[in-house]
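Observations on the model geometry
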Amino acid sequence: MSGVQETAAVSTPAAADVRQRPVGIDELLERVRTGYRRIEAREAHEAARTGEALLVDIRYAALRERDGLIPGALVIERNELEWRLDPQGSHRVPEATGHDLRVVVICNEGYASSLAAASLHQLGLHRATDLVGGFQAWRAEGLPVQPATH
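About the thresholds
Residues numbered from 1 in each chain as written. Predicted model: local features only at pLDDT ≥ 70, side-chain atom pairs only at ≥ 80, totals over all residues. Heavy atoms only, no water. Helix = DSSP H or I, 4+ residues; strand = E, 2+ residues; numbered from the N terminus. Buried < 20%, exposed > 50% of the residue type's maximum accessible area, 1.4 Å probe, protein only. Contact = heavy atoms within 4.5 Å. Areas by Shrake-Rupley, 256 points an atom, 1.4 Å probe, with all protein chains shown as cover. Pairing = 2+ DSSP bridges. Right-handed = clockwise from strand over helix to strand, strands pointing away. Axes fitted to C-alpha atoms, helices over the stretch in contact; angles between N-to-C directions. Polar contact = N/O pair within 3.5 Å; in protein donor to acceptor, adjacent residues only side chain to side chain.

Digging into the overall build of the chain
For the chain, the count of helices and strands is 7 helices and 4 strands. Each helix and strand of the chain, ordered N terminal to C terminal, gives the series α-α-α-β-α-β-α-β-α-β-α. Here the chain holds 150 residues, and the buried ones make up 39% of them. Long-range contacts, defined here as pairs at least 24 residues apart, represent 67% of the contacts in the chain between residues at least 6 apart. Just so you have it, the chain exposes about 9200 Å², and 51% of that area is on carbon and sulfur atoms.

Quick word on the pairing of strand β1 (residues 54-57)
Of the two faces of β1, the one lined by Leu 54 and Val 56 and the one lined by Leu 55 and Asp 57 are each fully buried. Two strands pair when backbone bridges link them, and β1 and strand β2 (residues 74-75) are joined in this way by 2 bridges, in the parallel orientation. Opposite Val 56, over in β2, you have Leu 74 as the bridge partner. Once the chain exits β1 it traverses helix α4 (residues 61-67) before rejoining the sheet at β2, and the crossover so formed is right-handed.

Considerations on the sheet that holds strand β3 (residues 103-106)
Here we have 4 strands laid out as an open sheet, ordered β2-β1-β3-β4, and parallel in their pairing. A strand with exactly one partner marks an edge of an open sheet, and here the two such strands are β2 and β4 (129-130). Pairing analysis gives 2 bridges linking β3 to β4, with the strands arranged parallel. From the neighbouring strand, Val 104 faces β4, where its bridge partner is Thr 129. Sheet contacts for helix α6 (residues 112-122): β3 and β4; angle to β3, the most-contacted strand, approximately 150°.

A look at the side chain of Arg 64
Summarising the element assignment, Arg 64 is placed in helix α4. By relative accessible area, which is 13% here, Arg 64 ends up buried.

Looking at the pairing of β3
Here β3 shows no split at all, with Val 103 and Val 105 on one side and Val 104 and Ile 106 on the other all buried. As defined by bridge partners, β1 adjoins β3 across 4 bridges and the pair is classed as parallel. If you follow Val 56 over to β3, its bridge partner there is Val 105. Each parallel crossover has a hand, and the one from β3 via α6 to β4 is right-handed.

Regarding the side chain of Ser 113
Among the secondary structure elements, Ser 113 is positioned in helix α6. Judged by its relative accessible area of 0%, Ser 113 falls in the buried class. A polar contact of 2.8 Å, which involves the side chain of Ser 113, links it to the side chain of Asp 130. Residues within four places of Ser 113 in sequence aside, it is in contact with Tyr 36, Ile 58, Val 105, Ile 106, Cys 107, Asp 130 and Leu 131.

See below:
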């Protein structure tokens with residue numbers, strides 16, 4: 001071996017102690033939701049109506065087609081969310097005006113939106129939140145919904 005000393009990766013009990021146990025999705029949701037205050041459907045509706053918040057629908061197309069759209073909500077599918085809402089990003093939407101923007105992320109039932117809001121917080125959108133119960137809660141409250149157009 002021409003004088004080069006190789007070192008093998010050794011797993012020791014001390015090294016194992018440094019690793020953390022995997023986090024389940026329920027615990028992860030609990031953790032991320034402690035980082036911000038979630039919003040109920042009627043409060044989200046009023047905040048959007050008065051221009052205090054931007055509603056962002058991250059549901060995939062099949063759900064939007066099946067259940068309809070929230071009038072005035074910006075549709076950005078989940079896989080594009082960070083690129084479109086990062087105020088410093090080159091692919092941002094015109095509505096991504098700054099880190100103080102109050103964004104209410106809406107998914108179907110209020111789970112994926114929690115993870116999405118936490119991701120927006122990591123980008124500095126400190127007022128990002130999500131809708132408790134998602135689109136289904138919005139509709140159950142009798143708030144405006146319009147059919148999706150093809």
